[in-house]
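Residue-level listing of the chains:
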Amino acid sequence: MTVEQFDAIDVIRAKRDGGAVPEPALRWMVDAYTRGYVSDAQMASFAMAIFQRGMERDEIRVLTDAMIASGERMSFASLGKKTVDKHSTGGVGDKITLPLAPLVASFGVAVPQLSGRGLGHTGGTLDKLESIPGWRAALSNEEMFAQMQSDVGAVICAAGSGLAPADKKLYALRDVTGTVEAIPLIASSIMSKKIAEGTDALVLDVKFGSGAFMQDIDRARELARTMVALGTDSGVATTALLTDMNVPLGLAIGNANEVRESVEILAGGGPADVRELTLALAREMLALAGQPDADVEAALDDGRAMDTWKAMIRAQDGDPDAPLPTARETHQVLAPADGVVTRMDALPFGIAAWRLGAGRARAEDPVVFEAGIDLHAKPGDRVVAGQPLFTLSAADEARFPRALDALEGSWEIGDAAQIQRQPIVRERITA
């Protein structure tokens, strides 16, 4: 019988009383929980102590490293080219990965974008791409490496179960114990997977505002700084952009419609805010990959990024030219008066799209690819009475009433002469 080095109760008390947990004890706690020796009840108590007392930078580093050590660690050293990844904390209409990965890869950089599925009001990158006929998210490590080694360079796929299994277990526990918002736990959760993935460099898109996980900009900044420090301490070149998620990003919220909008961006068009953020993140990624002077706008406008997109979709058995699903049922909401759109809160639009079938309430639920919302106006736009403001799409018209309930009071039309549009990127955070 193995004699355990520490007692969970001592580790819990140390953090509960505001102390720093010594490195060996913290590493043991993560390992013992992954093995099943430390119970869910004990780990929930420890997570709540972290939530209430916080953690020092070195504690967060040790926690993250212990989570990485619980599983496999990948390496892309054999590729012979720089690897750079992007992570977004999620929002409403956030389809940036789709045009961004092929744009960056068109400069000869490998982009290993291990992505997830949506839960609740934030959409999942894999759900969006699965609306493309034939496209598959599940790749073996060999397929992923071959795709990055080739001229395609970019891969967007599901993360394997071998990366940071301790995080998977702790994430599920946090979700049901009121400790999701603890910054040390968010940061270690995100960064353990990204560091284990083995990328050379990482750009973080940390969102704030009504449709973001972190609504307060100061908390979002603290999270960004914590994650940049973790990446830097682990030898991964890391920067972060703080970006505004008070208003939905782009005009499409859903799955298939977000793919359509991404293709518009790759064709040199699309909504200005999506293009702006795609270019800003591409510049960050390429600077970290040693190409600070890359002309990313030219690559979007001359078709290079589009060519890489089509090759990336085909490499994963998708047909980039196939028609995307369209909804059987639609419902338009019209402007009740002349004026200027003064407000459009992101969160209610995300919840409405979810209720239309674009998201899932449980991990095992399917998504309806054609469900979602298409906006026809954004804050600052002038509208006339009777003009369509947005269109709801669903497979079943019975879904419209609850979606409309979610949108009640979420937008306004006023008589303001002009609305000052804020830039999407508010701050850049480096080590």
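Residues numbered from 1 in each chain as written. Predicted model: local features only at pLDDT ≥ 70, side-chain atom pairs only at ≥ 80, totals over all residues. Heavy atoms only, no water.

Asks: How should I be thinking about the overall build of the protein chain in this particular structure?
Replies: In terms of helices and strands, the protein chain carries 16 helices and 13 strands. Its C-alpha radius of gyration of 22 Å places the protein chain within 12% of the 22 Å reference for a compact globule of 431 residues. Dimensions of the protein chain, computed from the C-alpha atoms along their principal axes, are close to 75 × 45 × 40 Å. Split into buried and exposed, the 431 residues of the protein chain put 53% on the buried side. Pairs at least 24 apart in sequence give 79% of the contacts found in the protein chain among residues at least 6 apart. As presented, the protein chain carries roughly 17700 Å² of accessible surface, and 49% of it is formed by carbon and sulfur atoms. The average position of the 43 basic charges and that of the 60 acidic charges among the side chains of the protein chain differ by 2 Å. (Helix = DSSP H or I, 4+ residues; strand = E, 2+ residues; numbered from the N terminus. Rg over C-alpha atoms; globule rule 2.2 N^0.38 Å. Buried < 20%, exposed > 50% of the residue type's maximum accessible area, 1.4 Å probe, protein only. Contact = heavy atoms within 4.5 Å. Areas by Shrake-Rupley, 256 points an atom, 1.4 Å probe, with all protein chains shown as cover. Lys, Arg positive; Asp, Glu negative; His and termini not counted. Charge placed at Lys NZ, Arg CZ, Asp CG, Glu CD.)

Asks: Mind showing me how you'd approach unusual backbone geometry here?
Replies: Only a minority of non-glycine residues have a phi that is not negative, and only a minority of peptide bonds are not trans. With a phi close to 45°, Ala164 is a non-glycine residue in the positive phi region. In this model, Asp317 sits at a positive phi of 70°, which is unusual for a non-glycine residue. Locating Asp317 in the fold gives a position in the loop between α14 (304-315) and β7 (329-334).

Asks: I tried to follow the packing of helix α1 (residues 8-16) against helix α2 (residues 23-35) on my own but got confused; where do I start?
Replies: The relative placement of two packed helices comes down to the angle between their axes together with the axis-to-axis distance. For the pair α1 and α2, interaxial distance at closest approach is 10 Å and the crossing angle is 120°. Classified by the angle their axes make, α1 and α2 are oblique. Both α1 and α2 take part in a crossing whose hand is left-handed. On the side of α1, the interface is formed by Ala8, Val11 and Ile12, while α2 contributes Ala25, Trp28 and Met29. Each residue belonging to the contact of α1 with α2 can be placed in one class, and the counts come to 6 nonpolar, no polar and no charged. (Axes fitted to C-alpha atoms, helices over the stretch in contact; angles between N-to-C directions. Parallel < 35°, antiparallel > 145°, perpendicular 65-115°, else oblique. Left-handed = near helix turned anticlockwise from the far one by under 90°. Nonpolar A, V, L, I, M, F, W, Y, C, P; charged D, E, K, R; others polar.)

Asks: Please explain the pairing of strand β8 (residues 339-344) as it appears in this structure.
Replies: Regular strands place side chains that alternate from one sheet face to the opposite one. Here 2 bridges tie β8 to strand β10 (residues 382-383), and the two strands are oriented antiparallel to one another. Paired with Gly339 across the strands is Val383, a residue of β10. (Pairing = 2+ DSSP bridges.)

Asks: How should the sheet that holds strand β12 (residues 411-414) be read in this particular structure?
Replies: Within a sheet, each strand pairs with its neighbour through backbone hydrogen bonds, oriented either parallel or antiparallel. Taken together, 3 strands build an open sheet; the order of strands is β10-β8-β12 and the sheet is antiparallel. Strands at the two margins of the open sheet, each flanked by one partner only, are β10 and β12. Note: β8 against β12, 4 bridges, orientation antiparallel. Pairing of Arg343 across the sheet is with Glu412, part of β12.

Asks: What is the right way to read the pattern of salt bridges from this model?
Replies: Across all of its chains, the model carries 33 salt bridges by this definition. The partner of Glu4 in a salt bridge is Arg35, with the nearest N and O atoms 3.0 Å apart. One end of the pair, Glu4, is in the segment before α1; the other, Arg35, is in helix α2, and 31 residues separate them in sequence. A salt bridge links Asp17 to Arg16; the shortest N-O distance between them is 3.0 Å. We classify Arg16 as partly exposed; its relative accessible area is 47%. (Salt bridge = Lys/Arg side-chain N within 4 Å of Asp/Glu carboxyl O.)

Asks: What is the right way to look at the side chain of Arg174 in this model?
Replies: Tracing the sequence through the fold places Arg174 in helix α8 (residues 165-175). No salt bridge is formed by the buried Arg174; the nearest opposite charge belongs to Asp167, separated by 4.8 Å. What Arg174 contacts, discounting residues up to four positions off in sequence, is Thr179, Val180, Leu185, Ile186 and Ser189.

Asks: Is there a simple way to explain the sheet that holds strand β4 (residues 201-208) in this structure?
Replies: Strand order in the open sheet made by the 4 strands is β1-β4-β5-β13, with mixed pairing throughout. Of all the strands in the sheet, the pair left with one neighbour each is β1 (84-88) and β13 (425-429). Across this sheet, the average inter-strand angle for adjacent strands is 20°, counted without regard to direction. Sheet topology places strand β5 (residues 237-244) next to β13; 4 bridges connect them, and they run antiparallel. Bridge assignment links Leu241 to a residue of β13, and that residue is Arg428.

Asks: I tried to follow the environment of His331 on my own but got confused; where do I start?
Replies: If you trace the backbone, His331 turns up in strand β7. The spacing of His331 and Ile373 is 42 residues in sequence and 9.6 Å in space, taken between C-alpha atoms. Each residue touching His331, except ones within four places of it in the same chain, is listed here: Phe390, Thr391, Leu392, Phe400 and Leu404.

Asks: Would you mind showing me how to read helix α7 (residues 141-149) here?
Replies: Since one α-helical turn is 3.6 residues long, residues separated by three or four positions face the same way. Inspection of α7 places Met144, Gln147 and Met148 among the buried residues, and these make up the whole buried set. For α7, the buried positions fall inside an angular range of 95° around the axis, keeping them on one side. The inward-facing, buried residues of α7 contact β2 (111-115), β3 (154-158) and α14. (Arc of directions from axis to C-beta.)

Asks: Before we go on, may I ask you to explain the packing of aromatic side chains in this structure?
Replies: Any pair of aromatic rings gets described here by the distance separating the centres and the angle formed by the planes. In total, this model carries 5 aromatic pairs according to the counting rule given. Ring centres of Phe76 and Phe145 lie 5.1 Å apart, and the angle between their planes is 50°; this geometry places the pair in the tilted category. In this pair, Phe76 sits in the loop between α4 (57-69) and β1 while Phe145 sits in helix α7, placing the two residues 69 residues apart along the sequence. Summarising the aromatic geometry, the rings of Phe390 and Trp411 are spaced 6.2 Å apart at their centres and angled 80° between planes, so their arrangement reads as edge-to-face. Separated by 21 residues along the polypeptide, Phe390 in strand β11 (residues 388-394) and Trp411 in strand β12 bring together distant segments of the chain. With relative accessibility at 1%, the residue Phe390 sits in the buried group. Among the aromatic side chains, those forming a connected cluster through ring pairs are Phe6, Trp28 and Tyr37. Between Lys169 and the ring centre of Tyr33, over which it is positioned, the NZ or CZ distance is 4.5 Å. (Phe/Tyr/Trp six-rings, centres within 6.5 Å; stacked < 30°, edge-to-face > 60°. Lys NZ or Arg CZ within 6 Å of the ring centre and 35° of its normal.)

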